[in-house]
2 protein chains.
Amino acid sequence: MSDDSVVAELTELVMRVARRLQFDFHAAAAELDLPPAQALALSELGESAPMRELAVRLGCDASNVTGIVDGLERRGLVTRRPDPSDRRVKHLVLTEEGERKRETLRSRSHAKAAELFELPHGDDVRLRDLLAQVKTCR
Amino acid sequence: MSDDSVVAELTELVMRVARRLQFDFHAAAAELDLPPAQALALSELGESAPMRELAVRLGCDASNVTGIVDGLERRGLVTRRPDPSDRRVKHLVLTEEGERKRETLRSRSHAKAAELFELPHGDDVRLRDLLAQVKTCR
DNA sequence: GCCGATGGTTGAGAACCTCAAATGTTGTGG
DNA sequence: CCACAACATTTGAGGTTCTCAACCATCGGC
């Protein structure tokens, strides 16, 4: 059983770090002229996937994904490919340009994150292992 | 200098925990029939403050705060009190009802967070101390 | 008293999300 | 085989939250 104030501080700290990570990610996305939602979707498309799967990865409604992918397709970053064995599903595949943008997005936001998580030797691993113990799904 | 993969994992983990905290907070807010933004503002009003100060605490534009406070005022949770020494500023003061709602909101979301951060003895404090070292503002 | 800075509000506009309903497709039990 | 439930995707309406630019009132220094 944790001390009350410790829980409050943990909440505060996690939210603060998350806001910062998100801010940096949005900044990196803006540099590439991508709205946040599209950038997030792009970064989830390392493995190509059907729309439904993307909705799951993003944790949002499927109807939402349509618009986001519309945007990515308009920019020529992704294509909808019909599934040969099931004509309902459309697979999302990154174009070369999409692959390229995904990579620079990844590396830029990663660079800022690395700066953020610059800790005394070994502490980064300790932090990771402790965070991994947090039961994010009961 | 951290290992690349460690940074990626840290980012992933922090975002995951933050999403969960936020989800629980929104759920607690919904139980009290409060939209998320109003709930967040309410929770920042432990100390009464002028509009401008609230905007800073929330990290958003001042014009945004107007609407949020309008909502809280409509529900009778907060009142705008003129500052006697500066007629431009309006201090936000919680009503009794506002105070009550703020407290139950705090305690409910806190309970869920405590469950989340249930770690082996001492690890919660270690986690807090490590997170506190993350340089969220360069 | 003038003037630049400040607190607050308003209105337009955008991004993002959800829900309900529609469409086309699949697969299964009868 | 066929009706029917389930599924993937899209569309459209509607809501929340946010920003930006413009505006008014007030303040403080010069």
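In the annotation of an unreviewed UniProt entry, the entry for chain A reads MarR family winged helix-turn-helix transcriptional regulator, and the organism field reads Actinomadura fibrosa.

Participant: Which parts of the structure should I look at to understand the overall build of chain A?
Facilitator: Check the secondary structure of chain A and you find 6 helices and 3 strands. Tracing chain A from N to C terminus, the helices and strands come up as α-α-β-α-α-β-β-α-α. A compact globule built from 138 residues should have a C-alpha radius of gyration of about 14 Å, whereas chain A, at 18 Å, is more than 25% larger. With the principal axes as the frame, chain A shows a C-alpha extent of 55 × 35 × 25 Å. For chain A, the residues scored as buried account for 40% of the 138 residues in total. For chain A, the proportion of contacts with a sequence separation of at least 24, taken over those separated by at least 6, is 48%. A distance of 5 Å separates the average location of the 22 positive side-chain charges in chain A from that of its 24 negative side-chain charges.

Participant: How do you make sense of the relation of the copies chain A and chain B when you look at a structure like this?
Facilitator: Here two copies of a chain appear, and what relates them is a rotation about an axis with a shift along it. For the match of chain A to chain B, the screw axis carries a shift of 0.0 Å, the RMSD comes to 0.1 Å, and the turn is 180°. The transformation just described matches what one would write down for a two-fold rotation axis. When the interface residues of chain A are mapped onto chain B, 100% of them are again interface residues, pointing to one common binding face.

Participant: I keep staring at the confidence of the model for chain A and nothing clicks. Help me out?
Facilitator: As a general rule, the predicted coordinates of low-pLDDT regions are not to be interpreted in detail. This prediction gives chain A a mean pLDDT of 95; 98% of its residues lie at or above 70. Across chain A, the secondary-structure element scoring lowest on mean pLDDT is helix H1 (residues 4-31) of chain A, at 95, and the one scoring highest is strand E1 (residues 49-50) of chain A, at 98.

Participant: Hey, could you run me through the nonpolar core in this one?
Facilitator: Judged by nonpolar contacts, the single largest core of 34 residues is most densely connected at A:Leu127 and B:Leu127. Every element with two or more residues in this core is listed here: H1, helix H5 (96-116) and helix H6 (123-132) of chain A together with helix H1 (4-31), helix H5 (96-116) and helix H6 (123-132) of chain B. For A:Leu127, the contacting residues outside a window of four places in its chain are A:Leu119, B:Leu10, B:Leu127, B:Leu130, B:Leu131 and B:Val134.

Participant: What should I look at first to understand the interface of chain A and chain B in this one?
Facilitator: Where the parts come together, the accessible area they lose is often given as the size of the interface. Every contact between the two is made by 41 residues of chain A and, on the other side, 41 residues of chain B. Each partner contributes to the roughly 4300 Å² buried at the junction of chain A and chain B, and carbon and sulfur atoms together form 70% of this total. Taken together, chain A and chain B are joined by 2 salt bridges. The partner of A:Glu9 in a salt bridge is B:Arg128, and the shortest N-O contact between them spans 3.2 Å. The tally of links between chain A and chain B comes to 8 residue pairs in polar contact (both at pLDDT 80 or more). For the side of chain A that touches chain B, the secondary structure elements donating two or more residues are H1, H5 and H6 of chain A. Looking at the side of chain A that touches chain B element by element, the count peaks at 15 residues for H1(A). For the side of chain A that touches chain B, the residue count by class is 23 nonpolar, 5 polar and 13 charged.

Participant: It is not clear to me how the pattern of salt bridges should be interpreted in this structure. Could you clarify?
Facilitator: Side chains that differ in sign of charge can pair as their charged atoms come close. Per the counting criterion, the structure on display carries 27 salt bridges over all chains. The partner of A:Glu73 in a salt bridge is A:Arg80, and the shortest N-O contact between them spans 2.7 Å. In this structure A:Glu73 comes out as partly exposed when scored by relative accessible area, which is 32%. Salt-bridge contacts for B:Arg88 lead to B:Asp86; the nearest nitrogen and oxygen are separated by 3.0 Å. Among the charged side chains, a network of salt bridges with common partners joins A:Glu9, B:Arg128 and B:Asp129.

Participant: Is there a simple way to think about the protein's contact with DNA strand D in this case?
Facilitator: Every one of the 21 residues lining DNA strand D counts as a neighbour, but A:Met51, A:Arg52, A:Arg88, B:Ser63 and B:Arg87 are closest to it. Interatomic distance of 2.5 Å between a side-chain N/O atom of B:Ser63 and a base nitrogen of DNA strand D. Put simply, the parts of the chain that give the surface near DNA strand D at least two residues each are helix H3 (51-58), helix H4 (62-74) and strand E3 (86-94) of chain A together with helix H2 (36-43), helix H4 (62-74) and strand E3 (86-94) of chain B. In terms of residue class, the surface near DNA strand D is made up of 9 nonpolar, 4 polar and 8 charged.

Participant: Which parts of the structure should I look at to understand the protein's contact with DNA strand C?
Facilitator: Inspection of the region around DNA strand C gives 21 residues, with A:Ser63, B:Met51, B:Arg52, B:Arg80 and B:Arg88 positioned closest. Measuring from a sugar or linking oxygen of DNA strand C, one finds a side-chain N or O atom of A:Asn64 at 2.9 Å. Interatomic distance of 3.3 Å between a backbone N/O atom of B:Met51 and a phosphate oxygen of DNA strand C.

Participant: Got a minute to help me understand the pairing of strand E2 (residues 78-83) of chain A in this structure?
Facilitator: For a regular strand, side chains alternate in direction, first toward one face of the sheet and then toward the other. Residues and elements named next belong to chain A. When E2 meets E3, the two strands line up antiparallel, connected through 6 bridges. What sits directly across from Pro82, in E3, is Lys90. Linking E2 to E3, which pair antiparallel, is a turn of 2 residues.

About the criteria used
- Residues numbered from 1 in each chain as written.
- Chains lettered and ligands numbered in written order.
- Predicted model: local features only at pLDDT ≥ 70, side-chain atom pairs only at ≥ 80, totals over all residues.
- Heavy atoms only, no water.
- Helix = DSSP H or I, 4+ residues; strand = E, 2+ residues; numbered from the N terminus.
- Rg over C-alpha atoms; globule rule 2.2 N^0.38 Å.
- Buried < 20%, exposed > 50% of the residue type's maximum accessible area, 1.4 Å probe, protein only.
- Contact = heavy atoms within 4.5 Å.
- Lys, Arg positive; Asp, Glu negative; His and termini not counted.
- Charge placed at Lys NZ, Arg CZ, Asp CG, Glu CD.
- Least-squares fit on C-alpha atoms with pLDDT ≥ 70 in both.
- pLDDT = per-residue confidence, 0-100.
- Core = buried A, V, L, I, M, F, W, Y, C linked by side-chain atoms within 4.5 Å.
- Buried area = accessible area lost by both parts, 1.4 Å probe.
- Salt bridge = Lys/Arg side-chain N within 4 Å of Asp/Glu carboxyl O.
- Polar contact = N/O pair within 3.5 Å; in protein donor to acceptor, adjacent residues only side chain to side chain.
- Nonpolar A, V, L, I, M, F, W, Y, C, P; charged D, E, K, R; others polar.
- Near = heavy atom within 4 Å.
- Pairing = 2+ DSSP bridges.

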